[in-house]
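Per-entry structural report
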Amino acid sequence: MSPMPVQEAGKDGRQNPELVLVCGPWSSGTTAVAGILEKLGLRGGEPYFRTNDARTKNSYESLAFRDLTMSLASEADVAMKVPRTEALAALREFRTSVVEGDRGETGGGATMFLKYPLSALLIPEISQVFNTRLVYVLRPVQDIEATRLRRGWSENLGGKGARRLYGAMFDVLINLSIPTMIIRYPELLARPMPITRQLAAFSGLQLSDAEIEAAAGFVRRAGG
């Protein structure tokens with residue numbers, strides 16, 4: 001069996017915060033999944049980054065987490081730009097200042113979600129400082145590239161970046177034992193209710209059918 005990342009204790013020796021990390025390239029469907037998680041009741045570290053795409057204005061990407069990730073990895077190159085020891089130290093600080101209450105953005109003790117495509121490069125380090133569950137969002141690379149072209153985004157945010165990020169994600173899946181749920185985006189669009197139910201269970205939530213149905217409705221309201 002592959003090893004789990006060695007987790008550290010949080011501040012004052014407390015158990016690490018619970019985290020659902022949504023992983024997938026730009027234009028892969030991660031915004032839909034993150035939106036469902038928020039509707040299910042998880043906290044995402046607001047405020048969120050706003051995009052220039054009229055269909056998905058709200059990215060559900062915590063600005064604090066996004067800024068942190070971009071300080072550690074390059075969006076243009078889709079590659080690490082600091083040593084992993086430095087990344088781990090920065091994530092420790094993030095856990096303390098943002099999650100454990102110094103800035104109070106995520107509330108106390110509740111499971112949170114985070115989402116930003118570039119963070120796939122940091123999964124091993126993130127999983128050391130959070131009690132992490134991973135949600136992998138898969139979409140055909142040709143569809144990712146088509147969406148990039150529609151949005152007028154740069155090449156690194158399309159198929160080129162997708163190949164690198166999926167490579168990092170599946171390296172983790174093969175080599176580290178971190179609880180992982182895999183969602184195929186076309187299936188989410190076709191079957192939002194059962195997948196939302198599975199997502200709620202994977203996140204450790206006990207919700208009513210009405211609550212799950214309301215969260216699944218986010219996919220339809222967002223227009224896929």
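Summary of the structure given here. Everything numeric in this text was worked out from a predicted model, so none of it was measured. (Residues numbered from 1 in each chain as written. Predicted model: local features only at pLDDT ≥ 70, side-chain atom pairs only at ≥ 80, totals over all residues. Heavy atoms only, no water.)

1. Some words on the pairing of strand 7 (residues 131–138)
Where burial is concerned, most of strand 7 is hidden: 7 out of the 8 residues are buried. Across 6 bridges, the pairing between strand 1 (residues 18–23) and strand 7 is parallel. If you follow Leu-19 over to strand 7, its bridge partner there is Thr-132. Two elements, strand 7 and strand 8 (residues 180–184), share 5 bridges in a ladder whose sense is parallel. Directly across from Leu-138, in strand 8, lies its bridge partner Arg-184. (Buried < 20%, exposed > 50% of the residue type's maximum accessible area, 1.4 Å probe, protein only. Helix = DSSP H or I, 4+ residues; strand = E, 2+ residues; numbered from the N terminus. Pairing = 2+ DSSP bridges.)

2. Focus on helix 6 (residues 159–175)
When the terminal C-alpha atoms of helix 6 are compared, their 24 Å separation across 17 residues agrees well with the 24 Å that a helix rising 1.5 Å per residue should span. Inspection of helix 6 places Gly-159, Gly-161, Ala-162, Leu-165, Tyr-166, Ala-168, Met-169 and Val-172 among the buried residues, and these make up the whole buried set. Where helix 6 is buried, its residues contact strand 1, helix 4 (123–129), strand 7 and helix 5 (141–151). (Expected span 1.5 Å × (residues − 1). Contact = heavy atoms within 4.5 Å.)

3. Some details on the packing of aromatic side chains
Counted by the stated rule, this structure contains 7 aromatic pairs. Three or more aromatic residues link up through ring pairs in this structure, and these residues are Tyr-48, Tyr-60, Phe-113 and Phe-218. The ring of Phe-49 carries the charged tip of Arg-66 above its face, separated from the ring centre by 3.6 Å. In this arrangement the basic side chain of Arg-151 is found over the ring face of Trp-153, its NZ or CZ atom lying 4.5 Å from the centre. (Phe/Tyr/Trp six-rings, centres within 6.5 Å; stacked < 30°, edge-to-face > 60°. Lys NZ or Arg CZ within 6 Å of the ring centre and 35° of its normal.)

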